[in-house]
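What follows is each chain in one-letter form.
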Amino acid sequence: MDLRIFTEPQQGATYDTLLTVAKATEDLGFDAFFRSDHYLKMGDVDGLPGPTDAWITLAGLARETSRIRLGTLMTAATFRLPGVLAIQVAQVDAMSGGRVELGLGAGWFEAEHTAYGIPFPREKFSRLEEQLEIVTGLWGTEPGKTFTYEGTHYRLTDSPALPKPAQKKVPVLIGGMGAKRTPALAARYADEFNIPFASVEDSERQFGRVRAAAEEHGRRADDLVYSNALVACVGRDDAEVARRAAAIGREVDELRQNGLAGSPAEVVDKIGRYAEIGASRVYLQILDLHDLDHLELISSQVQSQLA
């Protein structure tokens, strides 16, 4: 089971804070550092000092780390033109020496679009589908050849399809709980399918849909990595769990029900339930980015039992 650290910087974090967490992620043996792609805080927090851009952040971290994978859960297709996104990701991949992964989603948070003057289109899923076709098409075009695309939302004519990523293939992550269109899209484009903040039972049903869609598309179901993103709140005892829950404005019972909360043994047991339904990777949503002791505890007493 791979454990990855997943952050939500729009809730309030500087680049220096993210760098500190990324370096701890690397030093403590976690597999990857991922971040959300949002420009507006959510819930009852002040969000200070304000948002950081996902791909600018990852570019900086690419030069400041050496081992961990770097990526997004999920880049919003509404934020960037697909040709520009393909260039950005390829460049950051080169800057990292081939350690980047692209999670790409349709975009959903209308308020952040309104706040920063970003168009919020009515039809988002078809735009996501075209973006996936364009980004992967640009990367897959042989050097010396050009890429042309005529879609409903985007048109590219004789693109040189440069630059290329450092990796032969940048892993593409698709996620969500849509029952039909999402599994079909994953079957066509995804190297990994991720389910955010869902129960074991709901995850098992959705994994089943994706596996079936992959096979209908002519792929082996096991060609995809299956993963979950879950909030983490781990403590050596009940008091420490309660303190960490209070620090992120959550209730312990709710976190135990909907996330990975409790003692290391409890968390290992629950991760095992996700492993039984086919998950081989978990993104630990860390909401208090100043509590590095939390990461150390998860590394030494949770990750060590899953290795």
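Above this note sits the structure.
Remember, predicted model here, so these are calculated numbers, not experimental data. (Residues numbered from 1 in each chain as written. Predicted model: local features only at pLDDT ≥ 70, side-chain atom pairs only at ≥ 80, totals over all residues. Heavy atoms only, no water.)

K.L.:
Before we go on, may I ask you to explain the overall build of the protein chain in this structure?
P.N.:
A count of helical and extended segments in the protein chain gives eleven helices and twelve strands. When the backbone C-alpha atoms are referred to their principal axes, the protein chain occupies close to 60 × 45 × 35 Å. Taking all contacts inside the protein chain whose residues are at least 6 apart in sequence as the whole, residues at least 24 apart take part in 73%. Surface exposure of the protein chain reaches about 13600 Å², of which carbon and sulfur atoms provide 50%. Computed over 33 positive and 44 negative side-chain charges, the inter-centroid distance for the protein chain is 5 Å. (Helix = DSSP H or I, 4+ residues; strand = E, 2+ residues; numbered from the N terminus. Contact = heavy atoms within 4.5 Å. Areas by Shrake-Rupley, 256 points an atom, 1.4 Å probe, with all protein chains shown as cover. Lys, Arg positive; Asp, Glu negative; His and termini not counted. Charge placed at Lys NZ, Arg CZ, Asp CG, Glu CD.)

K.L.:
Mind showing me how you'd approach the environment of R181 here?
P.N.:
You can see R181 is positioned in helix α6 (residues 181-189). Linking R181 and G83, residues 98 residues apart in sequence, is a C-alpha distance of 23 Å. Those residues in contact with R181 that sit more than four places away from it in its chain are E123, F125 and S126.

K.L.:
What exactly am I supposed to notice about the pairing of strand β5 (residues 100-105) here?
P.N.:
The two faces of the sheet receive side chains in turn, since in a regular strand these alternate between them. With six of six residues buried, β5 lies mostly within the body of the structure. A two-sided burial pattern is seen for β5, the buried positions comprising V100, L102 and L104 on one face and E101, G103 and G105 on the other. Alignment of strand β3 (residues 69-72) against β5, held across two bridges, turns out to be parallel. Directly across from G71, in β5, lies its bridge partner E101. In the sheet, strand β4 (residues 75-76) pairs with β5 via two bridges, with the strands oriented parallel. (Buried < 20%, exposed > 50% of the residue type's maximum accessible area, 1.4 Å probe, protein only. Pairing = 2+ DSSP bridges.)

K.L.:
How should I be thinking about the packing of aromatic side chains in this particular structure?
P.N.:
The geometry of an aromatic ring pair is captured by two quantities: the separation of the ring centres and the angle between the planes. Per the counting criterion, the structure on display carries six aromatic pairs. Both rings, one in F147 and one in Y149, keep their centres 6.4 Å apart while their planes meet at 5°; by these two values the pair is stacked. Using a relative accessible area of 11% as the deciding quantity, one classes F147 as buried. Overall, Y149 belongs to the buried group, its relative accessible area being 10%. (Phe/Tyr/Trp six-rings, centres within 6.5 Å; stacked < 30°, edge-to-face > 60°.)

K.L.:
It is not clear to me how the nonpolar core should be interpreted in this structure. Could you clarify?
P.N.:
The tendency in soluble globular proteins is for nonpolar side chains to be buried side by side. L3, W55, L284, I298 and V302 are the most contacted members of the largest nonpolar core, which totals 75 residues. Broken down by element, the residue count for this core peaks at seven residues, all from helix α5 (residues 125-140). (Core = buried A, V, L, I, M, F, W, Y, C linked by side-chain atoms within 4.5 Å.)

K.L.:
What's the story with helix α7 (residues 200-216) in this structure? I'm lost.
P.N.:
Note that an α-helix has 3.6 residues per turn; residues three or four places apart therefore point the same way. With 17 residues, α7 extends 24 Å between its outermost C-alpha atoms, agreeing within 8% with the 24 Å of an ideal straight helix rising 1.5 Å per residue. At its buried positions, α7 is contacted by α6, β9 (192-196), β10 (225-234) and α10 (264-276). One or two positions beyond α7, positive phi appears at G218, with a value near 90°. (Expected span 1.5 Å × (residues − 1).)

K.L.:
Teacher, can you tell me more about the pairing of strand β6 (residues 147-150) here?
P.N.:
Here β6 shows a buried face lined by F147 and Y149 and an unburied face lined by T148 and E150. Summarising the sheet, β6 and strand β7 (residues 155-159) pair through three bridges and their orientation is antiparallel. In the sheet register, F147 faces β7, and the bridge partner there is S159. Joining the antiparallel neighbours β6 and β7 is a turn of four residues.

K.L.:
Would you mind going over the side chain of K270 with me for this structure?
P.N.:
Within the secondary structure, K270 is located in helix α10. We note that K270 is buried and unpaired, the nearest opposite charge coming from E201 at a distance of 8.1 Å. Among the polar contacts made by the side chain of K270, one reaches the main-chain carbonyl oxygen of Q257 at a distance of 3.2 Å. Once you skip the residues sitting within four places of it in the chain, K270 turns out to touch R256, Q257, N258, G259 and L260. (Salt bridge = Lys/Arg side-chain N within 4 Å of Asp/Glu carboxyl O. Polar contact = N/O pair within 3.5 Å; in protein donor to acceptor, adjacent residues only side chain to side chain.)

K.L.:
Would you mind going over the packing of helix α3 (residues 82-96) against α5 with me for this structure?
P.N.:
The angle between the axes and the distance between the axes are what describe a pair of packed helices. Here α3 crosses α5 at 50°, and the two axes come no closer than 9 Å. One finds that α3 runs oblique with respect to α5. α5 is crossed by α3, and the crossing has right-handed handedness. Contact residues: P82, G83, L85, A86, V89 and A90 in α3; Q131, I134, V135, L138 and W139 in α5. For the contact of α3 with α5, the class distribution of residues is nine nonpolar, two polar and no charged. (Axes fitted to C-alpha atoms, helices over the stretch in contact; angles between N-to-C directions. Parallel < 35°, antiparallel > 145°, perpendicular 65-115°, else oblique. Left-handed = near helix turned anticlockwise from the far one by under 90°. Nonpolar A, V, L, I, M, F, W, Y, C, P; charged D, E, K, R; others polar.)

K.L.:
Sorry, what's going on with the pattern of salt bridges here?
P.N.:
Any two side chains of opposite charge can pair, so long as their charged atoms come close to each other. Throughout the structure, instances matching the rule amount to 26 salt bridges. In this structure, R80 and D53 form a salt bridge, with 3.0 Å as the shortest nitrogen-oxygen distance. Taken together, the residues R80 in the loop between β4 and α3 and D53 in the loop between β2 (32-35) and α2 (54-64) connect sequence positions 27 residues apart. Two residues, R220 and D223, come together in a salt bridge whose shortest N-O distance is 3.0 Å. Each of R236, E240, R243, R244, D291, D293 and E296 takes part in a single network of salt bridges with overlapping partners.

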